[in-house]
Each structure stands twice: as structure tokens, then as C-alpha cells.
Amino acid sequence: MSSRVSGDPEKEEEEEDEEEEGEEEEEEEGSVNPTEVKMSQIVMPGHSNHRQELSVGQLLKWIDSSACLSAERHAGCPCITASMDDIHFEHTISVGQVVNIKAKVNRAFNTSMEVDVQVSCEDLFSDRHWRVCHAFATFVTQRSNTGKKVILKPVVPHTEKEQVEYSVAAERRRVRMLHDDIIKDLLSHGSVLPPVRRSCGGRSAAPPWRVLQLVLPPHANHQVNTFGGQIMAWMVNVATIAASRLCQAHPTLRTIDMFTFRGPSQVGDRLLLRAIVNNAFKNSMEVGVRAEAYHEAGPNRHINSAFMTFEVLDDHRKLCTLPRIRPEPLEGERRFQEAIARKKIRLDRKYIISQKQGEVPLSVPWDPRNQVYLSYNNVSALKMLAARKNWRLSSEKDKVRLFTLEHKSMLSFRVESEVDVPAHRAFRLLAELSDRPSWDPHYQNCELIYRVDDDDFLYRVVTPSVRQGGVGSPTSAQPEGIQDFILLASKRKPCGSGDPYVIALRSVSLPTHPPTEGYNRGEVLCAGFTILEIKDNMSLVSYYNQASPEVIPYISTDIAGLSSTFYHTFSSCSQYLAKNRLLSASEEPTDPDQTTNTDSPTWDAAADGLSAPPHSTKL
């Protein structure tokens, strides 16, 4: 685990405490999650490393045990660990301190479920509490005695926070299922990463460190399989040894990339664990570790793989500079380059997902390497906004309702109405953003720049200026000129019963489309539609927008009750949906699922050296 190495730890702990208290206040009093499991453990010397700090391996055992209890409490049958998402360890835990672990099921799908695990530390003598890490584990049910799959009952969220996690879990599951493809598609290639200089100095990379473990009954879980937490703990130990050999010091584990269990092992198996340093950066190194199982003369079975990032701290808890490594030809060079790519992906993901509301600029640079996380952030932000409960009805006219929400100094609005159109049809029509100028006066022009995949698209949208009298009323907050936006549009179909269709929008920046003279470049933090099937082929269509300064002039008069722009726009939207409700397939508007807009300029990612071909994921 790692300590923070900059800033004021006490201040950071106080801020975290305030955040956690604020989250608890939002939860409804008296609500109890039936899947929640709480575990408290005092750290004894036998749980610690040489620095008298809790070892990460022991913590992973406790995390896995708590998550498994929660999963089985919901499933009512034996469950096994399928994967553990990336974990970042923020603080260390010393001997004598108390580890508090809280696990609960966020959402159940068919035969799998996501378990939320939060780990905090408590100092009994100073009455201090601080967050250590936050993890998401996926558990799957085992087949029944008859060989049939056990279908899980749905999770019913009771609080606003649980509703948010329930909704966003579907998007996390999508990213999780694409994890291997993300790594393959986004890893390094010659046009992005600098070539390895064979003449560069540095220490030769040490050969893989190998450890053989015999799985004994104490290593098994209650299902007589090797305990997943034990396998993860062994992997951490082997990776730590490999890191120590390079730096000739005691390294600190900071981050673990996703653990994915590819198969079970049993008592009597031999587990072969191999770890090797893939690359050493200035203050951190990446170690790849792989676990294989075999029994007697049988073949080796790949059980798990992970990539772990280590740092070395001096006596003053400052980062030490690490020795460079000189990769061996071929396989060594491949691992060296892939480690650079993974570091780039981690930094992109951390920046995108941790970006706070109100930060400027709102637009994150888009490229294929961060697309998956931008899309995840885009959809999850809209789902989290939609899940909030403290919306206030501002006005209503002919069943078109305008709601507002003030949260953390951010003004958001929601416009909604029921339409006599099936949800899947409304989704298909509204997802075609290029047709929006036909019914929305706020969209003067909308051109497709680039089709990323079947679910994500990049558009350039031009909106008329308020001062030109196109929309709303004059305001000194709006500069002269026409505005344009570069938007990432991400669409999602329902993941389960009761889920809405989602069309999420957020600003991004593109090197091929910089701000141009005559246009004021605007930014959208979070906007989009949710479409929910309600009854008899009728849908509830809701439009959301977190109002950035560029948007407020368009909405202020409606919120104040001085204008009916929203009503007219939404009425036009309803008419557009009704008009196209029964069109035959040959008469339907162009669907970006089937073709790209050949009349608009297409951004060629490969020409800019940003496309990433599939790549091996070996350690």
C-alpha cells in the first residue's frame, strides 16, 4: 500500500471525513441494505510487513472475504470471485490500528453481481478515521447440483446513493467486460511511443522471479477451491520480491490493475507464480505477475494475471528515484513498451474519472486511448445526475415539466414529458444527433465528425448567439458571435428491466477541430436524454443539462418563468417523434449505427498516428 507523498495528510483526512459525512447525510435514515457486511479487524504483528504496516496481501484476503459474504447473502448460494477492479491504496495502516471494511451488492445481473467494498482505517487512541481504498469486485454464482445456472434476484436500491451505484454499475460492467479488448486496442505501438533505444544505459532487467506454492486445506475456501484472496496475496508477495530485486530496497505497492480469475484451482494443485519488472520510471515501476495451476502431470492452467505499480519511499516518506532498466530484445522490449502504454492509460483514466465539477477546462482531449474511459465518464455522469432525488419542479405546461437542481454550486435542469412513442423508437430517433436541428432551435447545425464505434460518436454542434435573437433574451453574460461545441455522444440500451435508454453528451477537444475565428467555443459538462418505457408503448423522455456558463443565458428566462422556450422545444421534439413513429425502415432517418455521414468531414485517427492495433497482453 502507499502513503500520500505530498500535501497535508491531516487536512486530506479531514476533507475525506467531510465527504463521507456528506454522503451519509444524503442516505435516508433507517434504511438498511440487506446485503451489507461490515468487518472490523485490529492489525496484529502477524498481519504486518517489515515496517509494522498491514501487508497488502492480508488486506486483500479480508476484502475478498467480506465481498464474498455480501454476494452470498444476496444470492443465497455459493459464489466465487470473478474479478477485482483496479485498486489504488491511498494510505498505510499500522499495527494497532483498526481496519473497517464495508461491503454491499450494488447490482445483480443474470448470474453475476457487483460488490462495492470500502476500506477505512481507525485510530482508537486519536479518534481519527481515514479512507484507505475503494474496490469493486464481481462475483458469480456456482451451478446448482442439477447443473443449472442460478439466476440472481434483482437488487432494490433504497437510497439515492444506492440508486446512483445501481445505475452506474451497468456502465462499469460494460467497461469490465471490455477490459481485455481495451488493453489490446490501446496498448503501445511504434507511431505513439518512442522506440526503445538499445544503446541506452540502465540496469539489465532481472529474469522472472518464480515461486511454487502447494495448495493445502488452510488455503481453501468453504467451497474447497483455492481462496481467491489467498491467490491475490501470493501474487502480491511474488511481485514485491521482483520489485525489491531491482530497487534493492523495500518497495511500497501503490496500485493494482484488475485481477481477473480465469479458472478455479483446488487443494492439491501446485500454483506457479511468476513476476517480472516490465519497466521502471522515475519514481515508480510496473511489475507483471502471472499465476498458473497444475495438478500432478496435467497441463498448466492460467489462473490469474495482474500488473502492479510500486514506489520506494525514503525515511522521510519521500519518493526515491529508481534505476532505469535496459530491456532484453523482443519480449523484454514488448513488455517495456506496453508498460509505458498502461501508464498512459492509467493517467488518462485518473484524470477523466477524477475530474470535478466546475474545473476548467471541462473538455478533455479525446483520442482512441482514452475513449473507453471518456465514454464511461460520459454515461455514468448522466446516470448519476438523473438518479438524484432533490429535483424541484419549476414550471409545467401541457404536461411538459421543468425541474431544477442546485448541488455543490452547480445548477442543473431537467425537462421531461410523456410521448406516445415506444422507448426503443424514441431512442433510435433522438440518438441521431444530426437530425436535431430539424426540431431544436438551439442546434443551428450538427455535423458528424467521427464515428468511434456503434455506441459513441463525435459531433460539432453550432448554436445561435443569444444576442442575435435566435434563442432566449439578451444578457450581458453572453458574448457576441456564434457558439460551437465539440461533443462526444454516447448511447446505451437498457442493461436490465427498469433501465432507461441513455444518450449522454459531453464536451471534448480535438486537435483537428480547434476553436476558430467567428465562433465562441462552448463547453458542456454533462447533458443528454434518458428514455424510459412506461406503459402501452408510451415513453417518458427526459432531457438533462448541467448548466455551464455558456448555457445559463439560454435557460435563465425559462427558469424564472419569463419564457416558454423549453416548452416549445420539447413540444417540437414530441412532434418530431410522433411524426417518425410509424415510418418504415426505408423511410427512417439515417441511423449512425448503419452508416456514417459522408457529407461531413471524417477525422482519420490513423492519419494522426492515434489508432492502436490489437496487441498481445502477455506479461
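Here the structure is shown first, and the text comes after it.
Residues numbered from 1 in each chain as written. Predicted model: local features only at pLDDT ≥ 70, side-chain atom pairs only at ≥ 80, totals over all residues. Heavy atoms only, no water.

Undergrad: What am I meant to see in the overall build of the chain here?
TA: Counting its secondary structure elements, the chain contains ten helices and 25 strands. Taken across its 619 residues, the chain has 53% of its residues classed as buried. For the chain, the share of sequence-separated contacts (at least 6 apart) that also reach a separation of at least 24 residues comes to 72%. For the chain, the accessible surface area stands at approximately 28200 Å², while carbon and sulfur atoms represent 51% of it. (Helix = DSSP H or I, 4+ residues; strand = E, 2+ residues; numbered from the N terminus. Buried < 20%, exposed > 50% of the residue type's maximum accessible area, 1.4 Å probe, protein only. Contact = heavy atoms within 4.5 Å. Areas by Shrake-Rupley, 256 points an atom, 1.4 Å probe, with all protein chains shown as cover.)

Undergrad: Explain the packing of aromatic side chains to me, please; I cannot follow it from the model alone.
TA: Each aromatic ring pair is specified by the distance between its two centres and by the angle formed by the two planes. If you walk through the whole model with that rule in mind, you get eight aromatic pairs. The interplanar angle of 35 degrees and the centroid separation of 4.8 Å between the aromatic rings of Phe-427 and Tyr-501 together place this pair among those described as tilted. Here Tyr-501 lies in strand β22 (residues 501-509) and Phe-427 lies in helix α8 (residues 423-430), a separation of 74 residues in the sequence. By relative accessible area, Phe-427 is classed as buried at 5%. (Phe/Tyr/Trp six-rings, centres within 6.5 Å; stacked < 30°, edge-to-face > 60°.)

Undergrad: For this particular structure, what's the right way to read the pattern of salt bridges?
TA: Opposite charge on two side chains makes pairing possible when the charged atoms of those side chains draw close. Counting across every chain of the model gives 26 salt bridges. Of the charged contacts, one joins Arg-131 and Glu-90 as a salt bridge, the two residues approaching to 3.3 Å between their closest N and O atoms. Residue Arg-131 is located in strand β6 (residues 128-141), and its partner Glu-90 is located in the loop between β3 (87-88) and β4 (98-108); the two are separated by 41 residues in the primary sequence. Assessed through its relative accessible area of 25%, Arg-131 is described here as partly exposed. Here Glu-416 and Arg-401 are joined by a salt bridge, their closest N and O atoms 3.3 Å apart. One end of the pair, Glu-416, is in strand β18 (residues 410-419); the other, Arg-401, is in strand β17 (residues 400-407), and 15 residues separate them in sequence. Across the pair, exposure class does not vary: Glu-416 and Arg-401 are buried alike. Several salt bridges converge on common partners, so that one network encompasses Asp-85, Glu-114, Glu-165, Arg-172 and Arg-176. (Salt bridge = Lys/Arg side-chain N within 4 Å of Asp/Glu carboxyl O.)

Undergrad: So what exactly am I meant to see when it comes to the side chain of Thr-530 here?
TA: As for its position among the elements, Thr-530 is in strand β24 (residues 526-535). What makes Thr-530 buried here is its relative accessible area of 10%. If near-sequence neighbours (up to four positions away) are discounted, Thr-530 is found in contact with Ala-386, Pro-500, Tyr-501, Val-502, Leu-540, Val-541, Ser-542 and Tyr-544.

Undergrad: In this structure, what is going on with the nonpolar core? I would like to understand it.
TA: By size, the foremost hydrophobic cluster in this structure holds 71 residues, and its most contacted members are Met-113, Ile-256, Met-285 and Met-308. Broken down by element, this core gets its largest block of residues, eleven residues, from helix α5 (residues 228-247). Residue contributions to this core reach at least three from each of two domains, namely domain 1 (33-166) and domain 2 (203-359). Ignoring any residue separated from it by four or fewer positions in sequence, one finds Met-308 in contact with Met-235, Val-236, Ala-239, Leu-253, Thr-255, Ile-256, Phe-259, Met-285, Glu-286, Val-287 and Val-289. The next biggest cluster of nonpolar side chains, apart from the first, holds 38 residues, and it includes Val-400, Val-415, Phe-529 and Leu-577. (Core = buried A, V, L, I, M, F, W, Y, C linked by side-chain atoms within 4.5 Å. Domains from an automatic or database assignment.)

Undergrad: Whenever I open this one, the sheet that holds strand β5 (residues 112-123) confuses me. Can you help?
TA: Hydrogen bonds between backbone groups are what pair the strands of a sheet, and the pairing can be parallel or antiparallel. One open sheet holds the six strands; their spatial order is β1-β4-β5-β6-β2-β10, and the pairing between them is antiparallel. Of all the strands in the sheet, just β1 (37-42) and β10 (259-260) have a single pairing partner and so form its edges. Across ten bridges, β4 lies against β5 in antiparallel orientation. Across the sheet, Ala-108 pairs through a bridge with Met-113, a residue of β5. In the packing of helix α2 (residues 56-75) onto the sheet, contacts are made with β1, β2 (79-84), β4, β5, β6 and β10, and the angle to β4 comes to roughly 40 degrees. (Pairing = 2+ DSSP bridges. Axes fitted to C-alpha atoms, helices over the stretch in contact; angles between N-to-C directions.)

Undergrad: It is not clear to me how the pairing of β4 should be interpreted in this structure. Could you clarify?
TA: Within a regular beta strand, the side chains point alternately toward one face of the sheet and then the other, so they alternate between its two faces. Counting buried residues in β4 gives ten out of eleven residues, a clear majority hidden from the surface. Pairing geometry for β1 and β4, over six bridges, is antiparallel. Considered in β4, the bridge of Val-37 is made with Ala-103.

Undergrad: What is the right way to look at the sheet that holds strand β11 (residues 270-280) in this model?
TA: Spatially, β3-β9-β13-β12-β11-β8 is the arrangement adopted by the six strands of the open sheet, whose pairing is antiparallel. One side of each edge strand has no neighbouring strand; the edge strands of this open sheet are β3 and β8 (209-214). Bridge analysis of strand β9 (residues 252-256) against strand β13 (residues 301-311) gives four bridges, and the strand direction is antiparallel. Opposite Ile-256, over in β13, you have Met-308 as the bridge partner. Lying on the sheet, α5 is in contact with β8, β9, β11, β12 (285-294) and β13; it crosses β11 at an angle near 40 degrees.

Undergrad: Can you help me understand the pairing of β12 in this one?
TA: The buried fraction of β12 is high, at nine of ten residues. Where β11 folds back on β12, the antiparallel hairpin that results is connected by four residues. Relative to β13, β12 runs antiparallel, the two being bridged by nine bridges. By the bridge assignment, Arg-290 is partnered in β13 with Ser-305. Counting the residues in the hairpin turn of β12 and β13 gives six residues, including Glu-296, whose phi is positive at 50 degrees.

Undergrad: What exactly am I supposed to notice about the packing of α8 against helix α10 (residues 565-579) here?
TA: Running from N to C, α8 and α10 cross one another at 110 degrees; their axes reach a closest spacing of 10 Å. Taken together, the axes of α8 and α10 are roughly perpendicular relative to one another. Seen from above, α8 lies across α10 with right-handed handedness. Seen from α8, the contacting residues are Ala-426, Leu-429 and Leu-430; seen from α10, they are Cys-573, Tyr-576 and Leu-577. Here the residues of the contact of α8 with α10 sort into six nonpolar, no polar and no charged. (Parallel < 35°, antiparallel > 145°, perpendicular 65-115°, else oblique. Left-handed = near helix turned anticlockwise from the far one by under 90°. Nonpolar A, V, L, I, M, F, W, Y, C, P; charged D, E, K, R; others polar.)

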